[in-house]
Amino acid sequence: MGFFWKRRKKEEIITLGLSQPLTEEERTPSEKAEPESPVAVPSVRSEQVKPVTTVTDPTPEVDQQRDVAASRVQSDGHQAEREREPVRSAVFSTSILGLDKSIEELQAEEAALEQAFATRFRRAISATRESLSEKLDAVFQGRKQIDAALLDDLEEALVAADIGVATTLGILDRVRRGIARQQINDLEALKAAIKEELLTILREAEKNGVASELAVPENVRPYVMMIVGVNGVGKTTTIGKLAHRIKAEGNDVLICAADTFRAAATDQLAIWAERTGVPLIQQKQGTDPAAVLFDALKAAKARGTDVLIVDTAGRLHTKSNLMAELEKMRRVAGREVQGAPHETLLVIDAVTGQNGLEQARQFLKTAGVTGIVLTKLDGTAKGGIAIAIAKELKLPIRYAGIGEKVDDLVVFDPEQYVNSLFE
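These lines cover the structure that appears in this document, whether it is placed above or below. Keep in mind it's a predicted model, so treat the numbers as computed, not measured. Sequence order as written defines the numbering, with residues in each chain counted from 1. pLDDT decides what is reported in this predicted model: residues at 70 or higher carry local features, side-chain atom pairs at 80 or more are listed and counted, and totals for whole chains, interfaces and linings draw on all residues regardless. To obtain the side-chain values, all non-hydrogen atoms of the structure were used and water was disregarded.

Considering the nonpolar core
Moving on, step 1. What we call a nonpolar core is a set of buried Ala, Val, Leu, Ile, Met, Phe, Trp, Tyr and Cys residues that are connected through their side-chain atoms within 4.5 Å. In this scheme, a residue with accessible area under 20% of its type's maximum is buried, one over 50% is exposed, and one in between is partly exposed, where area comes from a 1.4 Å probe on protein chains only. The biggest cluster of nonpolar side chains holds 107 residues, and the ones touching the most others in it are M225, L242, Y399 and Y417.
Moving on, step 2. A total of nine residues in this core trace back to one element, the largest contributor, which is helix α8 (residues 187-205).
Moving on, step 3. When neighbours within four sequence positions are excluded, Y417 is seen to be in contact with F121, I125, L202, G383, G384, A386, I387 and F412. Only DSSP runs of H or I with at least four residues qualify as helices, and only runs of E with at least two residues qualify as strands; both kinds are numbered from the N terminus onward. For this analysis, residues touch if any pair of their heavy atoms sits within 4.5 Å.

Rendered as structure tokens:
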């Protein structure tokens, strides 16, 4: 999964002026007393950190401050030469992004974090996997060849996983063509063909909307994300988790509480803002949401904020006035920041399954939705709804909620999702 928020490139994060030498004011007394070494400090951008050697024998105090481990000491009674291991440069100590480590340490930590989230993602959709696997095992049990009865049972299993009737029929239609061409001639080939079809659906959806924040030029700031969806789908929680994850990777984040329609909305968002340490722009209940957004955009530009996350009212698709209000907010955002809102994420509760699709279709008509956040994916055996959403809405699933904790929001990975279903 790599970085959660990729718009700020890794090399940009690593070189935030931290490779500059310490000033005289920043040096410790012992460092000031030490003569300047002719050896240059390795650049932060370098792929490898070369061993640093010196002909002088620093005092134990200086040696301790620099955390230099002596690996071998040879003494003739007059001089000692120390062969030093690669060390962390003192200039890294000012990092607030965890960059006080070598490139190798950073890569290892990132790989470990990626593996941890992958494991949690597989665990989150275990209910769906077990349900689907149980049904597929029942379909294939005792079967030695592919026939019409097997395909009918397979259709029932896929529909039960909430993949949807239309999507399931489309998948099986392509499978039947493969069988007719003798490209699929055994049960293992059939399973592989189904996996390929599911992955193709998810990949095709990424060609629409906004599949990555990298689509927006880096010089455009703030990056504006509007979050829409009906009440109860986990919209406020998603905003809090998004703010936490994006901030954790070194970005300045601001939250706009533009849901002035519901009394408790701002209070709930304020709790998440305090929990994540992200500033919140809010006004009293009943204030024009577009006015709140205008103030937030001004504040974001004045502060040089990287990302502005905008909460909106839990709009019912039958309320035309609320939809008009949302369109007004989009116009205000576009006037203040080039291309804003850069993403409009529709939050859908995975537990509601097919019932949430009709609401989603209505949002698509007015809200300019660019991507989907699928919440509560860990709480349903019908996680196949992700396939139905991608197929019918033709929009990428950007994020998935896999738990209640503040960091239980992951970038949705189509390949990992499909593979996890068939483990």
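Re the sheet that holds strand β9 (residues 397-401)
Moving on, step 1. The sheet built from eight strands is open, its strands ordered β5-β4-β6-β3-β7-β8-β9-β10 with mixed pairing. Only two strands of the sheet have a single neighbouring strand rather than two, namely β5 (280-281) and β10 (409-411).
Moving on, step 2. Under this scheme, a helix contributes an axis fitted over its contacting stretch, all axes are lines through C-alpha atoms, and angles between N-to-C directions fall in the 0 to 180 degree range. Taken strand by strand, helix α14 (residues 385-393) contacts β7 (343-349), β8 (371-375) and β9, and its axis lies near 160° from that of β8. At least two bridges found by DSSP between two strands is the condition for calling them paired.

Looking at the side chain of D162
Moving on, step 1. Relative to the helices and strands, D162 resides in the loop between α6 (148-160) and α7 (165-180).
Moving on, step 2. In this structure D162 comes out as buried when scored by relative accessible area, which is 10%.

Quick word on the environment of V307
Moving on, step 1. On the secondary structure map, V307 appears in strand β6 (residues 307-311).
Moving on, step 2. V307 sits 60 residues away from K247 along the chain, and the two C-alpha atoms are 8.9 Å apart.
Moving on, step 3. The residues contacting V307, other than those within four sequence positions of it, are W5, P222, Y223, M225, I246, D252, V253 and L254.

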